[in-house]
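Structural overview
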Amino acid sequence: MNEVLKFNDFLNEEINITTYDNGVCRLSDRWFFYNPEDDIIYGCNNKPVGDEMLFAFNPSSCTIILGGEEKQYDINNPICLIQYIMDDEKVTVYTDGALEFLKSNFGFTGSDITSQQSRFKLQDAFEKGDDYRYILIFGDQLIASTFDVIEEN
């Protein structure tokens, strides 16, 4: 049985993640892809292919697929911010410029997005917009997300 969870549910459930005592959410070593028809990010064991996905990523290998093109981002600074503009179905991925984007668009003043205080501030900021969806990961840590996630076997 599959269960749909919102970000706050990650703190209490184990679906694609491991939660540690300090509230850090870790994504499992698998692929995740967004299907706009279902409006859900699915976790799967195999690299997703096909037109049903808008984007896909594997946080463990720092790999993202967007527009059919696969790219790897910096494993030494593994920050990945995915912005989805729902009306236009436009996806933008920020890796190297993610912190600058967070600072200029959300007033983020820190440099450590992994602290508990930063995670909660970013989650709150992401939830204020209705026309955009965001998912922010650092390595395998799920920092903040306005996407629903479901595990797919």
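Here the residue numbering is sequential within each chain, running from 1 through the sequence in written order. Totals for whole chains, interfaces and linings use every residue, but because this is a predicted model, local features are given only for residues with pLDDT of at least 70 and side-chain atom pairs only at 80 or more, for both listing and counting. Water and hydrogen atoms play no part in the side-chain values, which are based on all heavy atoms of the structure.

A run of H or I in DSSP counts as a helix once it spans at least four residues, and a run of E counts as a strand once it spans at least two, with each numbered from the N terminus. As for its position among the elements, G110 is in the loop between α1 (98–106) and α2 (116–127). With 11 residues separating them in the primary sequence, G110 and L99 have C-alpha atoms 8.9 Å apart.

Together, D87, D88, E89, D130 and D131 make up a negatively charged patch on the protein surface. With respect to the helices and strands, E89 occurs in the loop between β8 (79–85) and β9 (90–94). Here the term patch refers to residues with relative accessible area over 30% and no salt bridge, with like charges joined within 9 Å and nonpolar side chains (Val, Leu, Ile, Met, Phe, Trp, Tyr) within 5 Å. The Shrake-Rupley method, run with a 1.4 Å probe sphere, supplies the accessible areas, and residue values consider only the shown protein chains as cover. Just to be clear on terms, a salt bridge is a Lys or Arg side-chain nitrogen sitting within 4 Å of an Asp or Glu carboxyl oxygen. Lys and Arg are tallied as positive, Asp and Glu as negative. Neither His nor the chain termini are counted. Where a charge lies is defined by one atom per residue type, namely NZ (Lys), CZ (Arg), CG (Asp) and CD (Glu).

Right, let's get into the side chain of Q83. For Q83, the position within the fold is in strand β8. Residue classification places Q83 among the buried residues on the basis of a relative accessible area of 8%. Residues adjacent in sequence count toward polar contacts only when both atoms are side-chain atoms; beyond that, a polar contact is any pair of N or O atoms within 3.5 Å, and within protein one must be able to donate a hydrogen and the other to accept it. Among the polar contacts made by the side chain of Q83, one reaches the side chain of Y134 at a distance of 3.2 Å. With sequence-adjacent residues up to four places away left out, Q83 is seen in contact with K90, V91, T92, Y94, F101, Y132, R133 and Y134. Categorising residues by exposure relies on relative accessible area from a 1.4 Å probe, with only protein chains included: less than 20% of the type maximum marks a residue as buried, more than 50% marks it as exposed, and the intermediate range marks it as partly exposed. Contacts between residues were defined by any pair of non-hydrogen atoms, one from each residue, lying within 4.5 Å.

Turning our attention to α2. Multiplying one less than the number of residues by 1.5 Å gives the expected span of a helix. The end-to-end C-alpha distance of α2, which contains 12 residues, comes to 17 Å, matching closely the 16 Å that a straight helix rising 1.5 Å per residue would cover. Regarding α2, the residues found buried are S118, R119, L122, Q123, A125 and F126. All buried residues of α2 lie within an arc of 165 degrees about the axis, which places them on one face of the element. Buried-residue contacts for α2 involve β8, α1, β10 (132–138) and β11 (141–145). Think of the arc as the fan of directions from the helix axis to the C-beta atoms.

Side-chain alternation along strand β5 (residues 55–58) places F55 and F57 on one buried face and A56 and N58 on a second face that is also buried. Pairing geometry for strand β3 (residues 31–35) and β5, over 3 bridges, is antiparallel. Bridged to Y34 within β5 is F55. Once β5 ends, the chain turns through 4 residues before running back antiparallel as strand β6 (residues 63–66), passing C62 with a positive phi of about 55 degrees. Strands pair, by our definition, only if DSSP identifies at least two bridges between them.

A separate point is the pattern of salt bridges. This structure, assessed with the given rule, holds 4 salt bridges. For the salt bridge of E70 with K47, the shortest nitrogen-to-oxygen distance reads 2.8 Å. With E70 in strand β7 (residues 69–72) and K47 in the loop between β4 (40–44) and β5, the pair connects residues that are 23 residues apart, well separated along the chain. Overall, K47 belongs to the partly exposed group, its relative accessible area being 42%. Note that E69 is salt-bridged to K71, the shortest N-O span being 3.6 Å.

Per-residue confidence from the prediction method is given by pLDDT, with values spanning 0 to 100. Averaged over every residue, the pLDDT of the protein is 83; the share at 70 or more is 82%. Taking the mean pLDDT of every element in the protein, the minimum, 49, falls on strand β1 (residues 17–19) and the maximum, 96, on β8. Considering only residues more than four positions removed or in separate chains, one finds that residues 1–7, a stretch of pLDDT under 50, has 21 contacts. Note that pLDDT drops below 50 for residues 9–18; the model gives that stretch 32 contacts with residues more than four away or on any other chain.

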